[in-house]
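# Observations on the three-dimensional arrangement
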Amino acid sequence: MENKGPRILVIDDEQQIRRFLRVSLTSHGFDVKDVETGQEGLDEVARFRPDVVILDLGLPDIDGQDVVRMLREWSKVPIIILSAKAQEFDKIAALDSGADDYVTKPFSMGELLARIRASLRHTISTSEEPILKFDDLSIDFALRHVKIGKTEVKLTPTEYDLVKHLAVNAGKVLTHQYLLRTVWGSTHEDDNQYIRVYMRQLRRKLEKDPSRPRHIISEPGVGYRLL
Amino acid sequence: MTKEKRIDPDELLASLEKEGLGKLAIFLGAAAGVGKTYAMLDLARDKLSEGMDVVVGLVETHGRAETEAMLKGLPIIPTKPQDYKGKTFYEMDLDAILARRPQIVLVDELAHTNVIGSRHKKRYMDVQELLAAGINVYTTLNIQHLETLNDIVAQITGVTVRETVPDQILETASQIKLIDIPPEELIQRLKDGKIYGAGQATEALQKFFRPGNINALRELSLRYTAKKVDRQLECYMRVNGIAGPWPTGEKVLVCISASPFSAMLIRIAKRMATSQNVEWLAVHVEPHLHRLPRNEATRDAMAKNLRLAETLGAEIIALTGDDVAGEILELAIKRNVSQIIIGKPSHTPFWSIIHGSVVDKVIRHSHGISIHVIPGSQQEAGQNCQPTTEKVKGKSADSVRWRSLTAIPYLASIIMMILISLIIIPIRYFLGPVNISMLFLLPVLVSAARWGRFPAVITAIVGVISFDFFFVPPIFSFTVVDMRYLISFPIFILVALMTGTLSDRLKNQVKYSRQRASRVSALYALSRDIAAVDKLDAVLESIVNNVAGTLEGQVVLLLPDENDRLVLQKDSGVNNFLNDSELAVASWVFDRRQKAGKGTETLGAAAALYMPLSTEQQGAQGVLGIRFNESEAQFDPERIRLLEAFVGLSAMAINRIKLAEQARQALSLVESERLRTALFNSLSHDLRTPLASIIGAVTGLIEDQNVVYSPEARHDLLQIILNGAERMNRFVSNLLDMARLESGMLKLKKDWCDLQDVIGVAVNRLGDLLTNRPLDIKVQPNLPLVQADCVLIEQVLVNLLDNALKYSKQGSKIVVTTQQKGKQLETTVANQGEDIPDPDLSKIFDKFYRLNSPLQVSGTGLGLAICKGIIEVHGGEIWAKNNRLGGVTITFTLPLSNKSMEEVPVMNKGV
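Residues numbered from 1 in each chain as written. Chains lettered and ligands numbered in written order. Predicted model: local features only at pLDDT ≥ 70, side-chain atom pairs only at ≥ 80, totals over all residues. Heavy atoms only, no water.

In terms of burial, helix 5 (residues 123-132) of chain B is largely enclosed, as 8 of its 10 residues are buried. Phi turns positive one or two residues past the end of helix 5 of chain B, at Gly134(B), with a value near 90°. (Buried < 20%, exposed > 50% of the residue type's maximum accessible area, 1.4 Å probe, protein only. Helix = DSSP H or I, 4+ residues; strand = E, 2+ residues; numbered from the N terminus.)

Below is the structure:
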């Protein structure tokens, strides 16, 4: 069997989308399989054992969020959601249920590929890679240092924590709730103003132009991601 | 100039209006028994055999056999029994006839008065209602029943007929058939018992059926009918614009008072006016001395005369003033009156000398106006234009009533007198009798000025007594030795009287003027209250309160509901009279647009007076009902006038609000039309255009068998396809957003937003469009967070940035700022391009509005409308201004919440 590259399962009821994804992704070297319904999708995950699942939220038989939940009961496979605009609520629900990232239809191939690549990159273990670099931003987990270029930036413990989580999940979106839960604890899940305030501080400290951030990208209504 | 052939529009209108009404045919006769009813029945039978729908409403056969025979074969509508004072009367059943809707109905004896409890007071009013409903009526009438001829007939026959019919009825009749037989034949018929039964005949013969009488009546009838023909001809001429003698505009004026003599004057005036074809005025002058609480009989008589004049078609004018003659002449000159009719006074010349004869004054200052002085008969008191006879007697009943209420004036007078006396006693020799008598005048004057006539007289008498007792020798006795003192006594009394009278009069005048003023100001207050108000409820409230307050009564306002039935909308708080039967009266008023109820001649048994609220064009808007607190108030013509003024105002106000509502609806219809058209145009254009480029490019590539396109060309085409698709995507998004905003489906997901964050996202989204565009972003440090839907605000910023880019040149700067201003967060997006003409600055936020810009701009025109929708749903504002850079700055605000943010805790969980 040829090594066809990472396996991608596409679960979408729209024929056009399946077709176009199959063509494009295959051309990029992925091994692609596509199914129409949620139930088939669940079966196929077990059978095909994909490396990434691309799931459309608007499935006819099972609600997208339920698919995610059911899948997460026994699989850790990265899931990327395809959502329509203004389905914020569903997006966040799906992300919180265990999906890893999302693209909004209509999307560009570049965006999707970036997401797929980010998902394939497993959560970076800090012991394996103690230093992460993103252009001019570098984070030293061992020393708990953050540098812009050569200059070290002074961060408060909370700020560092935020950066760390973002960096460890680099490229993936982290919901507000997730960040609040992990950094401040589950009792503060709804206190979004903390996030805002801290992100502002981080942007001020880490970005060249805080009004046009390059690293800390905000996804309005959803969360943040670090690029 | 076709002045002579001018068609009289009023006449034309009147004749057109007539076409919807039923036609009235009157069988007119000189006396009873000429055969009117017979002739009517005869014609009716003919019509019946022709196939027309003829019914008998009410026919009086008076037991005459021939007439009864004629009744056979005609369908009869049974009469309605009506009980009154224990007896049962049978009246014509008006409602049954209206329900039956025949083509012709026979109604005998037009002048009949209906029994109390009937809808209308007189049968001719019933007939008017029938005609208004489009039913033709045949009726009978004797010449003596005509209003204007009533007194002539009385003169001829010596019998005054009580039941009269206003001449107007005959003027509106389409046919008058004169039933005429020679007098000898009539008398013969009487003798033969064909008119009355045997026993009555001789009496009637002697009294009424004298040949001379009958001849005279006959001539009257003939002449009247002839004149009617003449008038019809004239009318025809006028309607068709045929040249003829036109009325000159000069008028006749008659002075009326409460005296029954005025009734005769009124009829004379009417005849004169009719024969000369001019308008006429009925004037009464009220001296300031008198107002409402006159005695009842006088008031009734006055009202009756006024009504008579009004019914006969006069314009009623009320004047106030003490100079009766002067007022009349002034009015006459102003209104181009050519003839004045005035009654000859029958009081003595002596009285005339004292009080001044009105007639003399009028004649003396008549300045070319003809004055007709009509002598009165012996019975009447012969007052002309002065409403009461009370002035002839010395005292006014009123002042007696008022003043005698308290004893204080009298006590005070007596005390004053005694005081003066006591003061003077010690110094009497110094003063001398002359001065003493002068001093005694003082309390008299004081009393007169303060309390009026009667107390002044009392004071004078007491003064005289004191003077006599204390100062006239022999003092301390009541005898008078020097007769000269007897002169002072009457003078005292005279002084008291005169001063007292003047004081009284002045007080009354003041009171009267104040009353008048308050009435006028009430009217003004109402008109001011309702002039600007837009809400129907507030206007109704205003009307009801004002009317109830000023006219002192309970008021109800009824308006029609969707089924056009009257429903109580407002009342003045207390309303204990509106029940079903009252509602029926109100409904009648609404349908007929005529007033009815207490104090009128229609449905006079009702508890309240009902006036229709109607305007010229729109018809009846509703009904106002008022139940005066004073039970006699509805007979006060001035109150009724005021009420009519109120009603007029109210009708206009209600009408205005209705029309405003209609206009609003029409306007919104127009607006939604516009939007729909714009939407269709937009959809068609803005979807098709990108599709064209997409399909064009794609088909080019797909059909490229011969591989014509180079890689660069391919790339270009693909780029075109992408652009087209993105454009369509934006368009669809915009439409969806707009639709969601409009439908109210938009649910705000409010969260703490950092504007800096949001700006960053928006800028990022625009991506490539911002290359070669210097972007200046100024964020206030420590910018507070704002509660808003971050996604929507991002959309706003994207739209604003997109807009700014579109309307400015490549390479020009864009500036974005955000800062706190008081309780708002203010964000601006400014560009450096064209500025927008001032009137358009607010229009750009309208849906589908696109500026005429020299730059080729694509877009739906929805972007800014969506921004506006989003910002406004957040409770903020958005506006555009031309800026100093030469472009446009759009600013929007978001309200900052009062919730102060809690302190953000430091992380409490390490990793």
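Another point: the sheet that holds strand 17 (residues 619-628) of chain B. Residues and elements named next belong to chain B. Strand order in the open sheet formed by 5 strands is 14-13-17-16-15, and the pairing between neighbours is antiparallel. The sheet terminates laterally at strand 14 (566-571) and strand 15 (596-597), the two strands that pair on one side only. Pairing of strand 13 (residues 553-560) with strand 17 involves 6 bridges; the strand directions are antiparallel. Bridge pairing in strand 17 links glutamine 554 to arginine 627. Together, strand 13, strand 14 and strand 17 form the strand contacts of helix 21 (residues 536-551), whose direction differs from that of strand 13 by roughly 150°. (Pairing = 2+ DSSP bridges. Contact = heavy atoms within 4.5 Å. Axes fitted to C-alpha atoms, helices over the stretch in contact; angles between N-to-C directions.)

Another aspect to go through is the packing of helix 20 (residues 485-531) of chain B against helix 21 of chain B. Residue and element names in this part refer to chain B. Contact pair helix 20 / helix 21: the axes reach a minimum separation of 9 Å and the direction vectors enclose 175°. Relative to helix 21, the element helix 20 is oriented roughly antiparallel. Contacts from Ala522, Ala525, Leu526, Asp529 and Ile530 in helix 20 reach Val539, Ser542, Ile543, Asn546 and Thr550 in helix 21. (Parallel < 35°, antiparallel > 145°, perpendicular 65-115°, else oblique.)

Moving on to the pattern of salt bridges. Pairing is possible between side chains that carry opposite charge, provided their charged atoms lie close to one another. Going through the model one piece at a time under the given rule, you end up with 41 salt bridges over all chains. A salt bridge links Asp56(A) to Lys105(A); the shortest N-O distance between them is 3.0 Å. In this pair, Asp56(A) is assigned in strand 3 (residues 52-56) and Lys105(A) in the loop between strand 5 (101-104) and helix 5 (109-120), connecting sequence segments 49 residues apart. Judged by relative accessible area, Asp56(A) falls into the buried class, the value being 4%. Among the residues examined, Lys105(A) registers a relative accessible area of 25% and is labelled partly exposed. Close ionic contact of Asp95(B) with Arg119(B) constitutes a salt bridge, the shortest N to O distance being 3.1 Å. A residue pair is termed long-range when its members are at least 10 positions apart, and Asp95(B) in helix 4 (residues 94-100) and Arg119(B) in the loop between strand 5 (104-107) and helix 5 qualify at 24 residues. Arg119(B) sits in the buried class, given a relative accessible area of 19%. (Salt bridge = Lys/Arg side-chain N within 4 Å of Asp/Glu carboxyl O.)

Look at the UniProt record and you will see "transmembrane region" (unreviewed entry) annotated at residues 405-424, 430-449, 456-479 and 485-506 of chain B. Segment residues 430-449 of chain B splits into 100% helix and 0% strand. End C-alpha atoms: 29 Å apart. (UniProt positions renumbered as here; feature names shortened; annotations may be inferred.)

Here we come to the sheet that holds strand 5 of chain A. Residue and element names in this part refer to chain A. Read across the sheet, 5 strands follow the order 2-1-3-4-5 without closing on themselves; strand pairing throughout is parallel. Among the strands making up the open sheet, the edge pair consists of strand 2 (31-35) and strand 5. For this sheet, the mean angle separating the axes of adjacent strands, direction not counted, is 20°. Judged from the 5 bridges that link them, strand 1 (residues 7-11) and strand 2 form a sheet pairing that is parallel. Within strand 2, the position partnered with arginine 7 by the bridge is aspartate 31. Its contacts with the sheet place helix 3 (residues 64-72) against strand 3 and strand 4 (79-83), and it is angled at close to 175° to strand 4.

Right, let's talk about the interface of chain A and chain B for a bit. Taken together, the contact pairs 34 residues of chain A with 37 residues of chain B. Summing both partners gives a buried area of about 2,900 Å² for chain A against chain B, and 51% of it is carried by carbon and sulfur. Remark: the boundary between chain A and chain B carries 5 salt bridges. The shortest N-O distance in the salt bridge between Arg196(A) and Asp751(B) comes to 3.9 Å. Run the count over chain A and chain B and you get 10 residue pairs in polar contact (both at pLDDT 80 or more). Residue contributions to the side of chain A that touches chain B peak at 8 residues, all from helix 8 (residues 192-206) of chain A. Taken together, the residues of the side of chain A that touches chain B sort by class into 14 nonpolar, 10 polar and 10 charged. (Buried area = accessible area lost by both parts, 1.4 Å probe. Polar contact = N/O pair within 3.5 Å; in protein donor to acceptor, adjacent residues only side chain to side chain. Nonpolar A, V, L, I, M, F, W, Y, C, P; charged D, E, K, R; others polar.)

Residues and elements named next belong to chain B. As defined by bridge partners, strand 23 (residues 878-882) adjoins strand 24 (residues 888-895) across 5 bridges and the pair is classed as antiparallel. Its bridge partner lying in strand 24, lysine 881 is registered against threonine 889. Turn length for the strand 23-strand 24 hairpin, with the two strands adjacent in sequence and antiparallel, is 5 residues, and the turn residue glycine 886 shows positive phi of about 100°.

This part takes up the side chain of Thr225(B). Residues and elements named next belong to chain B. Structurally, the position occupied by threonine 225 is in helix 10 (residues 211-239). Residue classification places threonine 225 among the buried residues on the basis of a relative accessible area of 12%. Setting aside anything within four residues of it in sequence, one finds threonine 225 in contact with Leu28, Ile176 and Leu178.

With that settled, the discussion passes to the environment of Asn576(B). Residues and elements named next belong to chain B. Secondary-structure assignment places asparagine 576 in the loop between strand 14 and helix 22 (580-592). For the pair asparagine 576 and glutamine 554, spaced 22 residues apart in sequence, the C-alpha to C-alpha distance is 8.5 Å. Aside from chain neighbours lying at most four places away, what touches asparagine 576 is Gln554 and Arg627.

It is worth spelling out the environment of Leu329(B) at this point. Considering the arrangement of structural elements, one finds Leu329(B) in helix 13 (residues 324-334). Separated by 32 residues in sequence, Leu329(B) and Lys361(B) place their C-alpha atoms 9.5 Å apart.

Okay, the side chain of Thr889(B) next. All names here are of chain B. Residue position: threonine 889 is located in strand 24. Given a relative accessible area of 14%, threonine 889 falls into the buried group. Looking at threonine 889, its side chain comes within polar contact range of the side chain of asparagine 883, at 2.9 Å. With residues near it in sequence (within four places) discarded, threonine 889 still touches Thr828, Val829, Ala830, Trp879, Ala880, Lys881 and Asn883.

What follows deals with the packing of helix 20 of chain B against helix 23 (residues 637-702) of chain B. Residues and elements named next belong to chain B. Where helix 20 contacts helix 23, the axes come no closer than 10 Å and their chain directions differ by 10°. Taken together, the axes of helix 20 and helix 23 lie roughly parallel to each other. Note on element contacts: helix 23 touches helix 20 through Glu638, Arg639, Leu642, Ala645, Phe646, Leu649, Ser650, Ala653 and Arg656, opposite Tyr512, Arg516, Arg519, Ala522, Leu523, Leu526, Ser527, Ile530 and Ala531. Residues belonging to the contact of helix 20 with helix 23 are distributed by class as follows: 11 nonpolar, 2 polar and 5 charged.

This part takes up the packing of aromatic side chains. All names here are of chain A. All chains considered together, the criterion is met by 4 aromatic pairs over all chains. Arranged with centres 5.2 Å apart and planes meeting at 65°, the rings of tryptophan 184 and tyrosine 198 form a pair that is edge-to-face. You can see tryptophan 184 sitting in helix 7 (residues 176-184) and its partner tyrosine 198 sitting in helix 8, a full 14 residues away along the chain. Judged by its relative accessible area of 0%, tryptophan 184 is buried. Pairwise contacts between aromatic rings join Trp184, Tyr194 and Tyr198 into one cluster. (Phe/Tyr/Trp six-rings, centres within 6.5 Å; stacked < 30°, edge-to-face > 60°.)

In this section: the pairing of strand 4 of chain A. Residues and elements named next belong to chain A. Among the 5 residues in strand 4, 5 count as buried, and that is most of the element. Neither face of strand 4 is exposed, since Ile79, Ile81 and Ser83 on one face and Ile80 and Leu82 on the opposite face are all buried. As paired strands, strand 3 and strand 4 are joined by 4 bridges and run parallel to one another. Residue pairing in the sheet places leucine 55 in a bridge with isoleucine 81 of strand 4. Since strand 3 and strand 4 lie parallel, the crossover through helix 3 that links them has a hand, and here it is right-handed. Pairing between strand 4 and strand 5: 4 bridges, direction parallel. (Right-handed = clockwise from strand over helix to strand, strands pointing away.)

Residue and element names in this part refer to chain B. Where nonpolar side chains cluster on the molecular surface, the patch consists of Leu411, Ile415, Leu419, Ile423, Ile427 and Phe430 and spans about 650 Å² of accessible area. For the nonpolar patch, the leading source of residues is helix 17 (residues 408-424), giving 4 residues. On the basis of relative accessible area, leucine 419 is assigned to the partly exposed category, the value being 48%. (Patch = residues over 30% accessible without salt bridge, like charges linked within 9 Å, V, L, I, M, F, W, Y side chains within 5 Å. Areas by Shrake-Rupley, 256 points an atom, 1.4 Å probe, with all protein chains shown as cover.)

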